[in-house]
Each structure stands twice: as structure tokens, then as C-alpha cells.
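Summary of the model geometry
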Amino acid sequence: MKLDRKTIEQLAEHLENAELQAHDVVKITDAHPEMDWDDAYAIQAEILRRKLARGNKVVGLKCGLTSRAKMKQMGVETPCFGFLVDYFTVDDGGTVKTGELIHPKVEPEIAFVLKKPLKGPGCHVGAVLAATDFVMAGIEVIDSRYRDFKFDLKSVIADNCSSARYVLGGVAAPVAGLDLRTLGVVMEKNGQPVAIGAGAAVLGHPAAAIAMLANHLGARGEEIPAGTMILSGGVTEAVAVNAGDHVNLRVQSLGSVSVHFA
Ligand code: 0L1
Ligand code: MG
């Protein structure tokens, strides 16, 4: 690690304040070009520690930047991992208050819920499928705290991978009999299709993103506990939304989920 504890705490407070007060900031590597990957995840962990101390609960994990379309859109080459806490959750058909966010975008996702723990190294697609209880359709609402979504990978990891809100809905389907690679995904904004894709856009198989997360945590001596819900990453590019927009996602065999922006 290159940053000392005090700097990590200051940067976590800086980024969390930007989230909670819905104002943007410049990417933190501008002032701290020396920071490394461990610093980035340490800042994210400190943001989580602050939330837990305030009484928030972890309700899931997320994989981000897992599709080529997303990596290309954001100019990065590697996935990232973050956490989801209770107040990020929005009911299916519910409303997101845009006044609480900076510049939200939506992504179509396939969410996994585990029935068994997963631990790397060596976790693979087969192990993920065997440990999965069910999958669901999900819309992730991301909201980078960085001005104009301009960041590098270390800055975005520190910022909890732009996590803001998420909605799950449709059918909780067991994975047996489903080929998650060929599941079609159509996301509509105000009745118009704005993003169309298939599960394989996520690292060739959405379960590969979950395996990558298990291996990432395994390298840190951690595992993904049974019962965890994990967003496997946007199947397509993210789409900007504004107050008044209605977003509906249909995932083949998994039904549909929707959210309104006020
Ligand atoms: O969930 C995601 O793929 C977002 C990861 C962070 C990058 C971004 O803000 O687009
Ligand atoms: Mg996402």
C-alpha cells in the first residue's frame, strides 16, 4: 500500500460525503497518483465501515465493468467489485429520487443468489452454478461520484464502483435448464428499447463474473457467504436517466423488472 491510514480515511470521507450529499468530485488519483489497488479497495472498505457504524446493513455484492461494452464505454480493461447496502434497494416498480443522486445511469443485470458459500482461488463457472440458489432480473442504478463519469479504475474502485441503487424483479429461477449465455435482455426507457444484449456479454458467461469475485475475495482470505445476492455486471452499456423516466427490463425466462425516476 502507498497511502497511510489517515489519507485512506480522509479519501473515504470525501467520497462518501459526495455520495450522501449528491455532489461530484474530481477523480482521487489526480491528487494521489501513487495510490495502488490495495489502497483503492481499502478506501472502499473504509466507506463500508462508515456505513455499518451508522447502522446500515450489507445486502449484497456487485461485479462491475464485466462486459466489453461497459469496459469500452468507461475506458478500462478490468472488472471491479463493490458492496450493496440496505438503502440502495428499491422495490420492483418503485421510485428512485434523482435529487438524491448526481447523474444516474441504468444497467441491465442478472443477479445471483447463492445457496452455498463460494471461495477462491480456483472458483469457476461450474462451481458458481452448483452454488446458485436462483437468478433474477435486476436493474442497477449507478451514479459515479466523479464529474462526468471521468475516472480511472483505482478511483472507481475506491468509489465503490459507482454503486447507488438497484431493483430486482421478475421470476426467481433456478439455473438448471437455463443457459445464462443466451438469455436475451431488453431494457426500455419510456417504452423505447435502449439496450439489447445477451448474458454472454458478461465475461462469456455471467457466472464467470461471480467466480472472478470469489477469486478476488479468496486472494484476501475472504469468501462469499451462502445467501449472498450478487449483481453480475451490466450486460450492455449504461444508459443515462432523468426525472420522469420509466425503465423496464425484460430478461428471457426471468420476467421483467421496472423502476421510475422522480
Ligand atoms: O456496475 C458497473 O458496471 C459500474 C462500475 C463502475 C463504472 C461506472 O461507473 O460505469
Ligand atoms: Mg453494474
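All of the points below concern the structure found in this document. (Residues numbered from 1 in each chain as written. Chains lettered and ligands numbered in written order. Predicted model: local features only at pLDDT ≥ 70, side-chain atom pairs only at ≥ 80, totals over all residues. Heavy atoms only, no water.)

**A few points about the overall build of the chain**
Heads up, the condition is: Only runs of H or I of at least four residues qualify as helices and only runs of E of at least two qualify as strands under DSSP, and these elements are numbered from the N terminus. The globule rule used for comparison is 2.2 Å times the number of residues to the exponent 0.38, while the radius of gyration itself is calculated over C-alpha atoms. Classification of residues uses two cut-offs on accessible area relative to the type maximum, computed with a 1.4 Å probe and protein chains only: under 20% is buried, over 50% is exposed, and between them is partly exposed. The contact criterion used is simple: two residues touch if any of their non-hydrogen atoms lie within 4.5 Å. Each accessible area value is a Shrake-Rupley result obtained with a 1.4 Å probe; residue values ignore everything except the protein chains displayed when judging cover.
Within the chain, the secondary structure is distributed over 6 helices and 13 strands. Against the globule reference of 18 Å for 262 residues, the chain gives a C-alpha radius of gyration of 17 Å, in line with a compact fold. Each principal axis of the C-alpha atoms in the chain carries an extent, and together these give about 50 × 45 × 35 Å. By the burial criterion, 55% of the 262 residues in the chain qualify as buried. Relative to all contacts within the chain whose residues are 6 or more apart in sequence, the contacts with residues 24 or more apart total 77%. Summing over all exposed atoms, the chain offers an accessible surface of approximately 10500 Å²; the carbon and sulfur share of this is 53%.

**Notes on the packing of helix H1 (residues 5-21) against helix H2 (residues 37-53)**
To keep things clear, this is the line we draw: Only the stretch in contact is used when fitting a helix axis, every axis being a line fitted to C-alpha atoms; angles between N-to-C directions are given from 0 to 180 degrees. By the definition adopted for this analysis, an angle is roughly parallel if under 35 degrees, roughly antiparallel if over 145, roughly perpendicular if from 65 to 115, and oblique otherwise. Take the far helix as your reference; a near helix turned counterclockwise from it by less than a right angle gives a left-handed crossing, and one turned clockwise gives a right-handed crossing.
With their axes 8 Å apart at the nearest point, H1 and H2 run at an angle of 60 degrees to one another. Overall, the two elements H1 and H2 adopt an arrangement that is oblique. At the point where H1 passes H2, the crossing takes the right-handed sense. Packed against H1, whose contacting residues are Arg5, Ile8, Glu9, Leu11, Ala12, Glu13, Leu15, Glu16, Asn17, Glu19 and Leu20, the element H2 presents Asp39, Ala42, Ile43, Glu46, Ile47, Arg50 and Lys51 at the interface.

**Regarding H2**
Worth spelling out the cut-off: How far a helix is expected to stretch is found by multiplying one less than its residue total by 1.5 Å. The definition of a polar contact used here is a pair of N or O atoms within 3.5 Å, where within protein one atom must be able to donate a hydrogen and the other to accept one, and adjacent residues in sequence count solely through side-chain atom pairs.
Spanning 17 residues, H2 covers 24 Å between terminal C-alpha atoms, matching the ideal 24 Å at 1.5 Å per step. Regarding H2, its N-cap is aspartate 36, as a side-chain oxygen of that residue lies 3.1 Å from the backbone nitrogen of aspartate 38 further along. Glycine 55 sits one or two residues past H2 and shows a positive phi near 100 degrees.

**Some remarks on the coordination of the magnesium ion (ligand 2)**
To be explicit about the condition: Only N, O and S atoms count as donors, using a 2.8 Å limit from the metal and a wider 3.2 Å limit for Na, K and Ca, and since water is excluded some coordination spheres may look unfilled.
Protein-derived coordination of the magnesium ion (ligand 2) comes from Glu107 (OE), Glu109 (OE) and Glu140 (OE), at a distance range of 2.0 to 2.1 Å. Donor residues binding the magnesium ion (ligand 2) come from one chain and are separated in sequence as E-x1-E-x30-E. Separated by 33 residues along the polypeptide, glutamate 107 in strand E5 (residues 105-114) and glutamate 140 in strand E6 (residues 132-142) bring together distant segments of the chain.

**A few points about the environment of glutamine 21**
Within the fold, glutamine 21 resides in helix H1. Using a relative accessible area of 52% as the deciding quantity, one classes glutamine 21 as exposed. Residues glutamine 21 and glycine 177 lie 156 residues apart in sequence; the distance between their C-alpha atoms is 45 Å.

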